[in-house]
Each structure stands twice: as C-alpha cells, then as structure tokens.
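Observations on the three-dimensional arrangement
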There are 2 protein chains.
Amino acid sequence: MPVKLIQATPSAYTYPLLIKSLLHASLATAPDQEISYQGRIRYSYRTLRERIGRLASGLAALGVDAGQTVAVMDWDSHRYLECFFGVPMMGAILQTVNVRLSAEQILYTLNHAQADVLLINSEFFPLLAQIADRLTTVRHFVLISDESHPHEAPVALATEYEAMLAAAAPDYDFPDFDENAQATTFYTTGTTGDPKGVYFSHRQLVLHTLSLASSLGTAPGQGRMHREDVYMPITPMFHVHAWGFPYLATMLGLRQVYPGKYLPESLLRLIRDEKVTYSHCVPTIMHMLLTHPLAAEIDFKGWKVIIGGSVMPQVQALAAMKRGIDLFTGYGMSETCPVLTLANLNTADLDLSPEDQAVLRAKTGRPMPLVDLRIVDAEMDDVAHDGIATGEVVVRTPWLTQGYLKAPEAAEALWEGGYLHTADIGHIDARGFLKITDRIKDVIKTAGEWTSSLALEDVLAKHEAVHEVAVIGIPDPKWGERPLALVVLKPDFDGKVTEHAIRNFAAHLIETTGISRHGVLLQVQFVKALSKTSVGKVNKRAMREARVSV
Amino acid sequence: MPVKLIQATPSAYTYPLLIKSLLHASLATAPDQEISYQGRIRYSYRTLRERIGRLASGLAALGVDAGQTVAVMDWDSHRYLECFFGVPMMGAILQTVNVRLSAEQILYTLNHAQADVLLINSEFFPLLAQIADRLTTVRHFVLISDESHPHEAPVALATEYEAMLAAAAPDYDFPDFDENAQATTFYTTGTTGDPKGVYFSHRQLVLHTLSLASSLGTAPGQGRMHREDVYMPITPMFHVHAWGFPYLATMLGLRQVYPGKYLPESLLRLIRDEKVTYSHCVPTIMHMLLTHPLAAEIDFKGWKVIIGGSVMPQVQALAAMKRGIDLFTGYGMSETCPVLTLANLNTADLDLSPEDQAVLRAKTGRPMPLVDLRIVDAEMDDVAHDGIATGEVVVRTPWLTQGYLKAPEAAEALWEGGYLHTADIGHIDARGFLKITDRIKDVIKTAGEWTSSLALEDVLAKHEAVHEVAVIGIPDPKWGERPLALVVLKPDFDGKVTEHAIRNFAAHLIETTGISRHGVLLQVQFVKALSKTSVGKVNKRAMREARVSV
C-alpha cells in the first residue's frame, strides 16, 4: 500500500522553498537594520530589498531571463549580496567566479557555465583583456567599480551597476517557480584536470540556511549565533557562497559588514570600528590578521570565528583564544554547499585547559540537523566511532551538489553507492566529534587498513634532523601498500644520520601513539627536495608516479 | 524561458524531508542523552531509536501498512513520542486524539479519519465503552497502561504496548518515500458544527521544526533555546503536536521529560526535580501552577515558558516574572502546525520596567523564518504597520494545512485568495510585533472599519458598576454594524446607574485611547446574564442571533 499524499484544496498556496522566502522574516522584524560596505556605504534591509528589485529589473532590461547565467567578479560587497538574492530570485543562475584563478581557468569556467552576462569589477579589467576575445557566450558586460575613474574597459560595456539600478524600477515581480531550479554555480579546482562545476538549487540553499541557523543558534554558548550579532565574511563570497553565511545573516536580520578586498589592515579596522562579532575564515587569513602590527591594538573579545578550508593548527587556536577570539572549526567543501559539521563546545568543555579546548576546537565538529554523515571502509561498512578507527567520510544531506556540470563520469564517482564521497579520511569519537586525518588520495592502504600519511609526517617531523618530509604509499606485494617517507635533511645533519635511525625513531613513536600499527612498516628514504605544485604545495601525486616509474 | 532545474546524476541521493531525518543529528551527537517519563522511566536516545523500530515492527505485525491511520489516546508520555516518530516513519498516519472531547466527538473523529488501529490508555476505557460498538473502521485496539491491573477492556485487545515492543524486532527498515506523504492528522473544534480535520506532511513537520529551531535558537537571550535545555511539554501532545516541540527537542538532542496526565502537583515536582528549563502552556495552566500551594516552595528561576492558545493577561506575565519565570508568547493555531510568531525580546527590552516588558511579552510576537504574515482589510490589501490599524491575519508558510479532511467548502474558505485566513484580527507595530485584538467573528464592522469587541469590553470593564460585559455587533442601516454592549451590573448597583451613564463613561475613554473612532457609536443595554457555552465561554453567536430575531 502506498503512502497517502496530502491533498491541497484548489486555493491553497503550496509554498516552494525559494531564496526570496529568506527575506520574509527579516523584512518583517528588522527592516531598518543596517548593511554596510567598507564603512563607506550604509543602508537598510528595506533598501536592500528595493535594490534587489532594481537589479532584477535592470538585468531583465539587458535581456536576462529565467534559466540564464549571470556571472559576477567582485570582492565581497553589498552588490554581491544583492546578486546572491536578485539573480536567483529572477529564476536566473548566479555564477560566482573565483577571481584568484588564472585567466585561463576563469575563461574556461565562464565558457563552460555559458555565462550570458558578466558583472565585473574594473580591478579585473587587465585579466579580462587577456580572455575577452575568447569568451564564447557572454553577451553583456556590466561595470562594477568603487572608483570614479576606473580602468579603461577592454570590452564594450552595457552599463554600470549603479547606473543600471538607478534607471530600473524597484518593483520587479519575483515569480514563484520550481524550488529545484538552479540558483548558483561555481567551480572547484583540484590539483589535476579542468575545474569542475558544482550547482545548487533554491531548495538546497534554503535548507542549508535553516540547518545552519538551527545548529549555530542552539549552540549552548560557545560560538553561538544570535540576532544581535554583527556579521562580516572573511571567506570570499565567490568561495562556496561565503560558506552560506550571507544567506544566513540576511534571513536572521543581522547587521552585516562587507569588507571589499581582503586587506589585513582594513579587515582589522572594520572588526574594530563596526564591532564585528561573527566571521569565518581559513587558517592562513587568521594567521595574517593575528600577526599584523595593528592586531596588537585591537580588542578581539567577543569575536566569534569559524575556521574551515583546511585543518586549524592547535597553536593558532591557542594564540587566538589568548586574544579573546572565540574560534572553532566547521567542515564542508564546495560540493556540500558547504557546511556539514560544526565544533561548538558544550558548556562543560569550557572548564578544560586552553590546550584541551584547542584540541576540540580544532576538530571538525559534529553534524548539523539533517546531516547523515558516516565514516566507512572500502566496502561502505561503518567503522567504529571510537576516535581511533578511520574511514572515508560519506554524507547525505538535502544540500549536496547532485553532480558536476557536464561531467557525468566525475559525478557518478562522487556519488558512488548513493552517498557523496568527500574523499576525506577521518575518525569520530564517542561524543560524535569528527576529526579529518587525511585526504583519501594521500592515505596509505595496508592490508585493508588505512594509515594517515599526515600522522606519520607529524611523527617524523619531530626528529631534529628532518627539514621536510612527505609520506606516500608505495605498492607492496604482501601488504598492498606500505608507507614510504621521503625526507629532506637539514643541511647540518647531511651525512650524520642514517635512514635506518630515522625509521627506528619513528617506529618507536608510532608504537606509543594511536597511529595504525601498520605505520611501523614505514620505510625512509633521503631525497634532495620534495616535488611541489606551482602554488608551493607538496605534490604527492608526482612523487608516487615517480616512484612507480622507477 | 523556463527556469533550469538541477540535474541529478543517477547515483545521487535526492534527500526527501522525512521525519526520520530529524533523528540523524541527535543520534550522532547525543546518543546517551536522556528521555524520561514521570521520573519513573528513563532511557537514552539510542533506546528511543530502538523502540521506534520495535513499534513499527509491532504495528506491521498487526497489519499496519503505509497510508493507514494509527490513532493514539494517551497522556504525554515517552510512548507518545515514539508514536510521533515511528508511525509516520512507516508511511502511516498518526491521529492524535483529543481526549478532552466528548465521547461523541471522539467517535466522530475516529470514524471520520478512518482510524485502523487505536492505541488507548486504559484510563479511557469507560469512554471507549460508550462508543466501541459504533467505531466503523478500527480493526485493532492496543492497550497502553501504567498500571499493573488496568481497567477491564470493553473491547478485545490485540496486544499491550510494551508486550508488542518486546516481541518485535528493533531493526525495522524505514523506507524513503514522498515527503508530501501525510504524517499526522487531528481535529479542531469550533463552537459550531462538527470537528474539522487538519493534516500535515513529513515535509511540513520538518520545515516547521527547522524554522522553530532557527527562531528560538537565535533569540538574543530572552527565551532562547539551546542544546543544554531540559524540555517538558505542558501543552498536550494531542494538541497540535504539543506545538511541535517534541520534534524540535528530539532534533536538537535535548533532555526530555514527559509528565503523563497534567496534575499540578506532579508537574511542579517534575519542574523542580528534573530541573526543567523549557516548556509551553496555555494561560489557564500557568495560572493553576502559580497558584498551587507547592509553587511557593519552588525556585522557578531559569524556566522558560512559551504561552499560547489564548491571550496571556499582563498580570499573569508580571506574576510569573516575579517568580523568575521567563515567559513570553507564541502564536499559531491548529491549522498552522502551529507556530507562526514568537515574542522573544531584544536585549535592550530587558531594561524596560516589568510592566512595559509584560506588554511586549503578552504580544503575539514576530514572524519566524519563512513566515509570510500579513494583516489585510476585506479587499486583501495590507493595512499600515503602525500598531493601531487592524486587519485580518493571513499567512503563507510551508507548514499550513492544505485543507480540511473531507470538507472541501470549509477548506476553500480557509484558503480564500491563496492565503490561509486565521480569522484573527490584529495589528502590527513598527518593530514587527503582532498583537491579536479579536476573533474576526466577534469584530464589529462599522463603515468599512473594524472595531475590536475585546477592546471595548476592556474599557467597559473599568466602570465600577460592571460585573460582566460582552460587546457584539448589531445591524445598522447607516453604519452597516454598530457595537452593542450587553452589561450585567454588580448587584449593589442595580437601579443606581443608567445605560446612558455607562455609555458616556466608555465613550470618553474611547476618545482618549487608540480604539477605532467608531467605538463611540456604542450602545449599552443592561441584561440579567450573558449567554454562555457549555464550557462556560461567553457565546456571542447566541447573543447576536437573539438580537437579530428580536
């Protein structure tokens, strides 16, 4: 017998989960709340709503219709926030372009996504000049600029953003449509191959926002978000919707501060002058802020910061806590909208020593509502939640990209077995805290068990002679794979220490720590240098390939 | 050009919003958290999940299949919580029976909803005896009892709840299905006609839960909910899902306390002994608790209580605040799942005098996320949000009943014009606080404007001679309707005051307050008594009919 579906009387309104519905509560309860840009422009939510209407009217006048793609290249601004809402609310698709990619990669993503219109900050005109004649789908360029005399455009401009809004009517009638309509797209770049496009629907963004609010709002105290917080992003809006926080902040009616380009000094001034209380950033940016001379003069007390993007070093957590910053980790990725877990501490955890707190704050946290997160072995069976056993993190939530744009094979691999594969390895402890220990491509599979290359590197780095180390897996007839440490010695130790001595040093530590027992199969080999990628990251793939071909 | 729908790769999991998905986060983060019943039974969320599985297996063994209806007659219990999840998670429909209705009304609702199975507490066997032979669809009766020797059953029992669970397997495989599947149904009773059935889908209940968490979690401080709260319902679980809080508490992994039958002394003991921090109730129950002798011995500090169901008297708010209770108002109705608005104060409001705070706490509050709430005139045009102009409250949210069960005409009237009509009259102030001033059937429509009968009654009640008063609208050839006050005098004043004097007294106050200027068209008539309903509520409908027929 099938389930019984609810019946709607003909006049009933069947409410679709559309991005426009995030505005209802804040316009009803906080219409005069402020949104500001670099401390230079300030306006109310009422004005935000009006400008969203003008933006849609202006884009419609350029011929933008539902289903078309509007790409944006800008720093974090009130304009970008308007695009976060106005473009999808028309039924069009917002492409958030990663302006830190190379010109060739940006060209690829704009053509691949078939962008119809490009809103571009004049700062990026030199870049645009390199690719303009190879853009195959862009029909109109709209100038964005904070300067009265922007760079000369390398293309014919359709209009300028503020002029477009001024000339357009605020009362655009945003229609209802299918909540599964595509709202956004952007590209994720791995170490290999072309950038891959992920995409999210209105329904997905609304549900991500609600779950994020439910989780951060109901945190017992540490890191909790409430409606009197002042929000400023320090993860770019082109980077996974600034982790979804502009949607969240707008739904809750928070005071919002948009900082423009991320310059440490201006970020610090805004934190101080605008009394920012809630942000998110990657560890390198936090490091940059904490070590800036101006930081010494700033009272960070009460500033809550979610750290993500890569593992937060515990020393950073300690340094930030000492300055009064309430920082903790969140976890997710481009494919996951992004947030999956958050590491808010319980009240009792705040009695722990700073060092013990830092361990928890640097974990990747616990699942938000609706998140079905598992750690599984190669057969997709769950591994124990004992804080030791590791497995791949696989997830189901209502807000995961349902594929990669025009890349069906990669999409199927992402979703193999009906769970999204994060390609991250981690363990979960008895309290439900997830800790990411490695990327799956860097983990070593020995006799069916996984050994974290990062954990082995941590051990080897403790030896006084080791300057740099990378651990990779090499094929082994008996074990399948065994770990090999490629070690660059400090100049002073060259010829004064043996590979065998370093191996024994590591093996001893491995036996006394929680690392997989197969870690002791470790081999050590001295090398002159490690392979690196163009951006300076260790390139394990190249090293593995070099070894295999030997 | 139509919107572009997101494409899912074949292996992608398209996540339906099902009630089972509310369990993911709490089982991952709080598996050992406690759920207790009357301080007598305590178990963990892990056990809850296991018992939900056993319940489904047991019901399946009775032949319950997707689409069938399982009715429950019980006081607030862990068993009821299990039914909140287990029954809908099977794809079946949970009918929460209002055990305070008359036997005839209960008979009507069970037959009308076509209940297949009835889980019934032995306390209600005397009631069941009156209707058992007229139940047309119930195939099986399952005994619920806290007694070792329950009343003798007036029907053949299929099994007993705990025996059914003990005999059943915990690993029921809860399937995925359409999120628009009906999850619950129950009946709302007006003063006239048969009870009307409302119904809610899995999607609706999940979205109601997320919005409630988003709103209560992000409250600045007053009345906020967090994951270390201890929840106990004091609005029955048969009454609009206990306002949705058992779903919310379970999603957040709160410690939960179920009190059984509402006896003031046992409720007070549980609040004290279980250290309850979050509840909800109607004003009459709060009054009962505050005035009970045991209340004097209890420290209520830190107990947050949402008041709803009817208007909270400001004196009650003051009395409760004096005892350290943090109480405030929520608003909704059976048709709305129920919550629409919540009156959490801002931090600055806490500096107001208790009297001024009480005014705010007694308002019906501000919309939760996704709630599109309007106050409109008879032409469905918005009235001003100035705290004065009144209109009917109409709403759109994703969690409104899409009709009345097998009552198409009433369903169309409810949804006239594509908004759900609450039949409540209210105003909204500049801060977005809604205040309900009247029921639409009791409001007086004069020259196209609305005058609140409740507001006029408040004014008249201030006269020293007035014992009771009811204001109704009477037909008037010039004004359409004009207000008539039916006044019962205090015995001492009989013959010592004139209708005219009372009218002038009221007219003077009307002119100096914010009541509609048409209030001065008031007429006053002395009567010996007011018409009342069988439960003692003033029956304005009867009084209006009596006047018209005169």
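What counts and how
Sequence order as written defines residue numbering, which begins from 1 separately in each chain. As they are written, the chains are lettered A onward and the ligands numbered 1 onward, keeping that order. The model is predicted, so local features are restricted to residues of pLDDT at least 70 and side-chain atom pairs to those at 80 or more, both for listing and for counting; the totals for chains, interfaces and linings are taken over all residues. To get the side-chain values, take all heavy atoms of the structure and skip hydrogens and water. UniProt positions are given in the numbering used here, feature names are shortened, and annotations may be inferred rather than shown by experiment. Residues count as neighbours in contact if any of their non-hydrogen atoms are within 4.5 Å of one another. As used here, buried area is the combined drop in accessible area, with a 1.4 Å probe, of two parts when they are placed together. Should a side-chain nitrogen of Lys or Arg be within 4 Å of a carboxyl oxygen of Asp or Glu, the pair is scored as a salt bridge. N or O atoms closer than or at 3.5 Å make up a polar contact, with two conditions inside protein: a donor-capable atom paired with an acceptor-capable one, and, for residues adjacent in sequence, both atoms drawn from side chains. Put simply, DSSP H or I for four residues or longer makes a helix, DSSP E for two residues or longer makes a strand, and each gets a number counted from the N terminus. Nonpolar residues are Ala, Val, Leu, Ile, Met, Phe, Trp, Tyr, Cys and Pro. Charged residues are Asp, Glu, Lys and Arg, and all others, Gly as well, are polar. Any residue under 20% of the maximum accessible area for its type is buried, any over 50% is exposed, and the rest in between are partly exposed; the area is computed with a 1.4 Å probe on protein chains only. Domain borders in the structure are assigned automatically or taken from a domain database. Copy-to-copy alignment: least squares on C-alpha atoms, limited to residues at pLDDT 70 or above in both. One bridge is not enough; two strands pair if DSSP finds at least two bridges between them. Convention adopted: a line fitted to C-alpha atoms gives each axis, helices being fitted over their contacting stretch, and angles between N-to-C directions are expressed from 0 to 180 degrees. Here, expected helix span is obtained from the residue count minus one, scaled by 1.5 Å.

An unreviewed UniProt entry lists chain A under the name Fatty acid--CoA ligase, from Uliginosibacterium flavum. According to UniProt, the comment filed for chain A under the heading Sequence similarities (unreviewed entry) is "Belongs to the ATP-dependent AMP-binding enzyme family."

Another aspect to go through is the interface of chain B and chain A. Taken together, the contact between chain B and chain A spans 80 residues of the former and 80 residues of the latter. Summing both partners gives a buried area of about 6,600 Å² for chain B against chain A, and 58% of it is carried by carbon and sulfur. Linking chain B to chain A there are two salt bridges. Here A:Arg203 and B:Glu179 are joined by a salt bridge, their closest N and O atoms 2.7 Å apart. Put simply, chain B and chain A have 37 residue pairs in polar contact (both at pLDDT 80 or more) between them. Of all the elements in the fold, those that place two or more residues in the side of chain B that touches chain A are helix H1 (23-29), strand E9 (196-201), helix H7 (202-217), helix H8 (245-252), strand E16 (366-367) and helix H13 (408-414) of chain B. Broken down by element, the side of chain B that touches chain A gets its largest block of residues, ten residues, from H7(B). Taken together, the residues of the side of chain B that touches chain A sort by class into 39 nonpolar, 28 polar and 13 charged.

Our focus in this paragraph is the environment of B:Ala167. Mapped onto the fold, B:Ala167 is located in helix H6 (residues 161-167). Note: C-alpha distance between B:Ala167 and B:Glu481 (314 residues apart in sequence) is 65 Å.

On to the side chain of A:His208, then. Residues and elements named next belong to chain A. Among the secondary structure elements, His208 is positioned in helix H7 (residues 202-217). In this structure His208 comes out as buried when scored by relative accessible area, which is 1%. When near neighbours in sequence (up to four residues on either side) are disregarded, His208 contacts Trp243, Gly244, Thr336, Cys337, Pro338, Val339 and Trp399.

Bringing the domain arrangement of chain A into the picture now. Domain boundaries in chain A define domain 1 (20-199) and domain 2 (444-549). A separation of 46 Å is found between the C-alpha centroids of domain 1 of chain A and domain 2 of chain A.

Further remarks concern the relation of the copies chain B and chain A. In the superposition of chain B on chain A (RMSD 0.2 Å, axial shift 0.0 Å), the rotation amounts to 180°. Here the two chains are linked by the operation of a two-fold rotation axis.

This brings us to the sheet that holds strand E18 (residues 391-396) of chain A. All names here are of chain A. With antiparallel pairing, the four strands of this open sheet are ordered in space as E17-E18-E19-E20. Two strands in the sheet have a free side with no partner beyond their single neighbour: strand E17 (372-376) and strand E20 (434-439). Ignoring strand direction, the axes of neighbouring strands in this sheet form an average angle of 45°.

Right, let's talk about helix H3 (residues 78-89) of chain B for a bit. All names here are of chain B. A rise of 1.5 Å per residue sets the reference length of H3, with its twelve residues, at 16 Å; its end C-alpha atoms lie 17 Å apart and thus fit the reference within 8%. H3 sits mainly inside the fold: twelve of its twelve residues count as buried. By the burial criterion, the buried members of H3 are His78, Arg79, Tyr80, Leu81, Glu82, Cys83, Phe84, Phe85, Gly86, Val87, Pro88 and Met89. Near the N-terminus of H3, the side chain that reaches the backbone nitrogen of Arg79, with its oxygen 3.3 Å away, is that of Ser77. Gly91, located one to two residues past H3, shows a positive phi value of around 95°.

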